[in-house]
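# Close look at the chain arrangement
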Amino acid sequence: MRVCICCCVALLVIGSQPEFLLRAQVPGQQKAAEPNAPPPSPLSSDDKVNELSEQVGKLMVKCVNLLTAQDPLSLDYCKQQRDLADQYPPRQRMVDKMLAHDEYGIALAAFDHKKEALEEFDQEVALVPKAVKPGSVEWSTAYWHRAMIYNQLGEIDKADHDYRSAEANFRKASFNSGEASAEKKRRAILRQHAALLQKEGKTEAAHQLLEEAAK
């Protein structure tokens, strides 16, 4: 399972492409095949998936690093990551697919393409029950990110619904509350939801969430 990280730093040359996506052949360097040599064995399905996974992983690193640097090139690399991840066979590497949509959605939102970001988060949330188990951090994160976009778009009822979905998930017994990063996200979700409710005049409900966040 890949870990969705959104804080690293790297700068890439504008217009460059990953070597694993460009398989240019240099004239004069091709080795002639031996007359009676058997043809190379075709890759198995597992080998193809593993090769694709390696490419997705490399693009994920570039995507996340550029996002952290607030570089608009992140849009291109995160989209490449999303497009490659969508090439996995059905029901395989579902977490990779889910996180690729998440990271491209974050990139779109970062550069003010909020409606396009919402489409990515919609696809991520649709993958959640197929990709991760209830109580996982990724489950809550998917709803959390969509809630933030709904809030920015002024769709408060939908934002409230997604915040509640994220909160309901981390209240499950299977949620790993001992993990520091999971706890950090849990508190952030509660506090953001409380701020939304406070703006809506729902002071008591907001106060309850803040108390829960302080535990």
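### Structural notes on the packing of aromatic side chains
Here the structure, examined in full by the defined rule, presents one aromatic pair. On the numbers, 5.8 Å between centres and 50° between planes, the contact of Phe170 with Phe175 is tilted. Residue Phe170 is classed as buried on the basis of its relative accessible area, which comes to 6%. Its relative accessible area of 9% is what places Phe175 among the buried residues. Sitting above the plane of the Phe170 ring, Arg186 keeps its charged end 6.0 Å from the centroid.

### A look at the confidence of the model for the protein
The share of residues in the protein with pLDDT of 70 or more is 80%, and the mean pLDDT across the chain is 84. Taken as a whole, residues 1-31 scores under 50 in pLDDT and shows 56 contacts with residues more than four places along the chain or in a different chain.

### Here we look at the pattern of salt bridges
Opposite charge on two side chains lets them pair, provided their charged atoms get close. A full pass over the atoms with the stated rule returns 14 salt bridges. Put simply, Arg146 and Asp162 hold a salt bridge, and the shortest N to O gap is 2.6 Å. With Arg146 in helix H5 (residues 137-152) and Asp162 in helix H6 (residues 156-170), this pair connects stretches of sequence that are 16 residues apart. Assessed through its relative accessible area of 12%, Arg146 is described here as buried. On the accessibility criterion, Asp162 (0% relative accessible area) is buried. The salt bridge involving Arg171 is made with Glu212; its shortest N-O contact spans 2.9 Å. Of this pair, Arg171 sits in the loop between H6 and helix H7 (180-199) while Glu212 is found in helix H8 (residues 203-214), placing the two residues 41 residues apart along the sequence.

Criteria and cut-off values
- Residues numbered from 1 in each chain as written.
- Predicted model: local features only at pLDDT ≥ 70, side-chain atom pairs only at ≥ 80, totals over all residues.
- Heavy atoms only, no water.
- Phe/Tyr/Trp six-rings, centres within 6.5 Å; stacked < 30°, edge-to-face > 60°.
- Buried < 20%, exposed > 50% of the residue type's maximum accessible area, 1.4 Å probe, protein only.
- Lys NZ or Arg CZ within 6 Å of the ring centre and 35° of its normal.
- pLDDT = per-residue confidence, 0-100.
- Contact = heavy atoms within 4.5 Å.
- Salt bridge = Lys/Arg side-chain N within 4 Å of Asp/Glu carboxyl O.
- Helix = DSSP H or I, 4+ residues; strand = E, 2+ residues; numbered from the N terminus.

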